[in-house]
Amino acid sequence: MQVAPPAGVKGRGRCIRLLGLLLLVCAVGGWPPILLATAETTAGVARGSFGLWAGGTLILLGLIGVLAAMFFSQRSRFKVARDHLEAQVVALESQHGALETWLENQRLSGEHRQTELKAEIEHQRQAVAALRDSEYRFRNLSQQLPVGVFLVDVEGRCQYVNERWCQMSGLTAEQATGLPWMQFVHPDEREQVLRDWRTAVEQESGFAADHRLRGPSGRVAWLSTHIVPLRDRASRIVSYLGVNVDIAGFKRTEETLRASETRFRSYFELSLVGVALTGSDKRWWEVNDRLCEILGYRREQLLRLSWAEQTHPDDLDVDIAQFERVMARRIDGYSLDKRFLRPDGVLVYASVSTRCVRRSNGMVDHFVTVVQDITERKQAEERIRKLAHHDALTGLPNRELLTDRLLQAVARADRDHTQVGVLLVDLDLFKRINDTLGHSVGDQLLREVAARLQKCVRPGDTVSRQGGDEFAIVLPDLTNANGDAARIAQRILNMVARPCALDEKELHASCSIGISVFPRDGRGAESLLKKRRCRPVPGQGHGAKQLSVLSVGCHRAGPRAVGLGK
């Protein structure tokens, strides 16, 4: 690299060259005198040796001037060259420092890049090792999975299958590689599965289907197939990962459940009893037609209600108590008889059997309820109960029920220090009516007299038919038995004496009344109900047969004439 000399150095060189040129001229200018001296010598030596010395001196001076000029010229040239070389040395030293700095930077940069390269190589090595380990774990995991795993390309050709898939299909991994996975689907379902697969591929979405797989040996297995797309970093689908789950056991269970459901549905829809599924919120979940018929609701109406809303208020507490026992895990079911309210207001007696179905944690999932209409049975029981305690002809309490109520009234009167009155009423000439007008008219007369007697007594009194033409009346809670009982007896006499229109005939009946009082006439029911026989006394009347009216006890009171119309 050339370094230009400084401007001062160039000026000094020019001066030195000019000085050398002047000395050269002087030196050259010394030659004419010498030549002239020679000529003059030749012409005559007369001039002497002074000219020779002068010429020699001039020649010497010329030579000295030339040498001096050459010396100074070279010196200046050498100085310029030296200065130039020194400048080049300084420049080279500066370049050497910069080069050393650059080389040091390059060395450091190279070491840094080398370190980075080593780190990158180590990272890549670790990544490769991790990828190898990951692949090993994936393959090991896929081989150990209890499901079939397969990998297919975008065309649906198998690229990888695990051992479980090979067991299910009956193929080896080498045989399966390159084959379309759709080839193993059962022919009866292949078209539908293929259509769904193409739709999933077009939409770039997942695929799921339950289908049968048929292997080369003809073995058929039920599989549940799920396939998802795998994408690269550019979100392009590069392959599909699929999983096959053997659902043969589920299918067998499903068939069993379907058959069981069919049987349950056939039982559920039986028209003999009402069957329902109810929830823990007491609402109807599912009902059959018979239950709708029993409760008088349409199915859609019933499913919007709860059984608590339709239960009679008097029966609801017992039902809720049993329901709460089931919810508290104390029992699993219960049975009871209760009443339902139909939308038309009619009461329905039902026998209800309920059993819960619990989850694995013991909580109630739902209830199975069987409802049987027992309204007719309840009505028959009520009729039997009524017949056991009531007269079949008049509907009045019979002797047994009257005795029970009399005992209760006597116990209460004994405790409260009150009185109980008993009226014994006999229809007069009733046998004559039966014999002349027939038993039908006699039965009508008994029913009419029973109705009139009930109108004559207080709400808490009991009117009973003792048999034949005999009636008994219990009057509890009397404070003045003589006056109260006599007034009711007189009211009965007046009511019975009114004409009766029976079978287009007008009858005039009469009766005799005996009165007994607790505790004066006895303390037991038998003594109070004992028949007091009293003979008739002549009375005043219309010529008909006259009977006397008995007053308190069997003491005779003033006779009252009552006639029997013909």
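Computed from a predicted model, the values in this text were never measured in an experiment. (Residues numbered from 1 in each chain as written. Predicted model: local features only at pLDDT ≥ 70, side-chain atom pairs only at ≥ 80, totals over all residues. Heavy atoms only, no water.)

Participant: Hey, could you run me through the overall build of the chain in this one?
Facilitator: Each helix and strand counted, the chain has 17 helices and 16 strands in total. Per-residue burial over the chain gives 34% buried out of 566 residues. When contacts within the chain are restricted to residue pairs at least 6 apart in sequence, long-range pairs at least 24 apart make up 50% of them. By element, 56% of the accessible surface of the chain is carried by carbon and sulfur atoms, the whole surface being about 34600 Å². (Helix = DSSP H or I, 4+ residues; strand = E, 2+ residues; numbered from the N terminus. Buried < 20%, exposed > 50% of the residue type's maximum accessible area, 1.4 Å probe, protein only. Contact = heavy atoms within 4.5 Å. Areas by Shrake-Rupley, 256 points an atom, 1.4 Å probe, with all protein chains shown as cover.)

Participant: Before we go on, may I ask you to explain the sheet that holds strand β8 (residues 333-341) in this structure?
Facilitator: Two strands in a sheet stick together by hydrogen bonds in their backbones, pointing the same way (parallel) or opposite ways (antiparallel). Pairing in this open sheet of five strands is antiparallel, and the strands run β7-β6-β10-β9-β8 from one edge to the other. Looking at strand neighbours, the two that pair on one side only are β7 (284-287) and β8, the edges of this open sheet. Taking the axes of each pair of neighbouring strands and ignoring which way they run, one obtains an average angle of 30 degrees across the sheet. As judged from the nine bridges shared by β8 and strand β9 (residues 347-358), these two strands associate in the antiparallel manner. (Pairing = 2+ DSSP bridges. Axes fitted to C-alpha atoms, helices over the stretch in contact; angles between N-to-C directions.)

Participant: Explain the sheet that holds strand β16 (residues 511-518) here, please?
Facilitator: Read from one edge to the other, the open sheet built from four strands follows the order β12-β13-β11-β16, with strand pairing classed as antiparallel. Edge positions in the sheet fall to β12 (462-467) and β16, since each has one partner strand and no second. With strand direction ignored, the average angle separating the axes of adjacent strands in the sheet is 20 degrees. By the bridge criterion, five bridges tie β12 to strand β13 (residues 470-478) in an arrangement that is antiparallel. Within β13, the position partnered with Val-463 by the bridge is Ile-473.

Participant: I would appreciate a short explanation of the pairing of strand β1 (residues 148-152) in the present structure.
Facilitator: In the case of a regular strand, side chains alternate between the two sheet surfaces. Among the five residues of β1, four are classified as buried, and the element is accordingly described as predominantly covered. Pairing analysis gives five bridges linking β1 to strand β5 (residues 237-246), with the strands arranged antiparallel. Paired with Val-152 across the strands is Tyr-240, a residue of β5. In terms of strand pairing, β1 meets strand β2 (residues 158-161) through three bridges, oriented antiparallel. The residue bridging Val-152 from the neighbouring strand is Cys-158, located in β2. In sequence, β1 turns back onto β2 through a hairpin of five residues, with Gly-156 there showing a positive phi of about 90 degrees.

Participant: Help me understand the packing of helix α14 (residues 430-437) against helix α15 (residues 439-456), please; the structure alone is not making it clear to me.
Facilitator: Two measures define how a pair of helices packs: the angle their axes make with one another and the distance between the axes. Running from amino to carboxyl end, α14 crosses α15 at an angle of 140 degrees, the nearest separation of the two axes being 6 Å. Classified by the angle their axes make, α14 and α15 are oblique. Counted together, Phe-430, Ile-433, Asn-434 and Leu-437 of α14 and His-439, Val-441, Gly-442, Leu-445 and Leu-446 of α15 form the full contact between these two elements. Considered class by class, the residues forming the contact of α14 with α15 number six nonpolar, three polar and no charged. (Parallel < 35°, antiparallel > 145°, perpendicular 65-115°, else oblique. Nonpolar A, V, L, I, M, F, W, Y, C, P; charged D, E, K, R; others polar.)

Participant: Hey, could you run me through empty space enclosed by the protein in this one?
Facilitator: By rolling a water-sized probe across the atoms, one finds the places where empty space is left. Inspection of the entire model under this criterion finds three cavities of 30 Å³ or more. Volume-wise, the largest cavity comes out at about 110 Å³. Looking at the largest cavity, it is lined by 13 residues, and the ones nearest its centre are Trp-307, Tyr-334, Val-352, Thr-354 and Thr-369. Of all the secondary-structure elements, those providing two or more residues to the lining of the largest cavity are α11 (313-327), β8, β9 and β10 (364-373). Taken together, the residues of the lining of the largest cavity sort by class into eight nonpolar, three polar and two charged. Space inside the second largest cavity adds up to approximately 50 Å³. As for the second largest cavity, its lining consists of Phe-150, Trp-165, Trp-181, Phe-184, Val-185, His-211, Leu-213, Thr-225 and Asn-244. (1 Å grid on protein atoms, 1.4 Å probe; cavity = no way out; pocket = protein on both sides within 12 Å on 5 of 7 lines; lining within 4 Å. Points joined across faces, edges and corners; volume = space filled by probe spheres on them.)

Participant: Hey, could you run me through the nonpolar core in this one?
Facilitator: One recurring pattern in soluble globular proteins: nonpolar side chains tend to sit buried together. Leu-423, Leu-427, Leu-453, Phe-471, Ile-473, Ile-492 and Ile-513 are the most contacted members of the largest nonpolar core, which has 35 residues in total. Taken together, the elements giving at least two residues each to this core come down to β11 (419-427), α14, α15, β13, α16 (481-496), β14 (500-502) and β16. Sorting elements by how many residues they give to this core places α16 first, with eight residues. In this structure Ile-492 touches Leu-423, Leu-453, Cys-456, Ile-473 and Ile-513, once residues within four positions along its chain are discounted. With 25 residues, the next largest nonpolar core counts Phe-323, Leu-336, Ala-350 and Val-364 among its residues. (Core = buried A, V, L, I, M, F, W, Y, C linked by side-chain atoms within 4.5 Å.)

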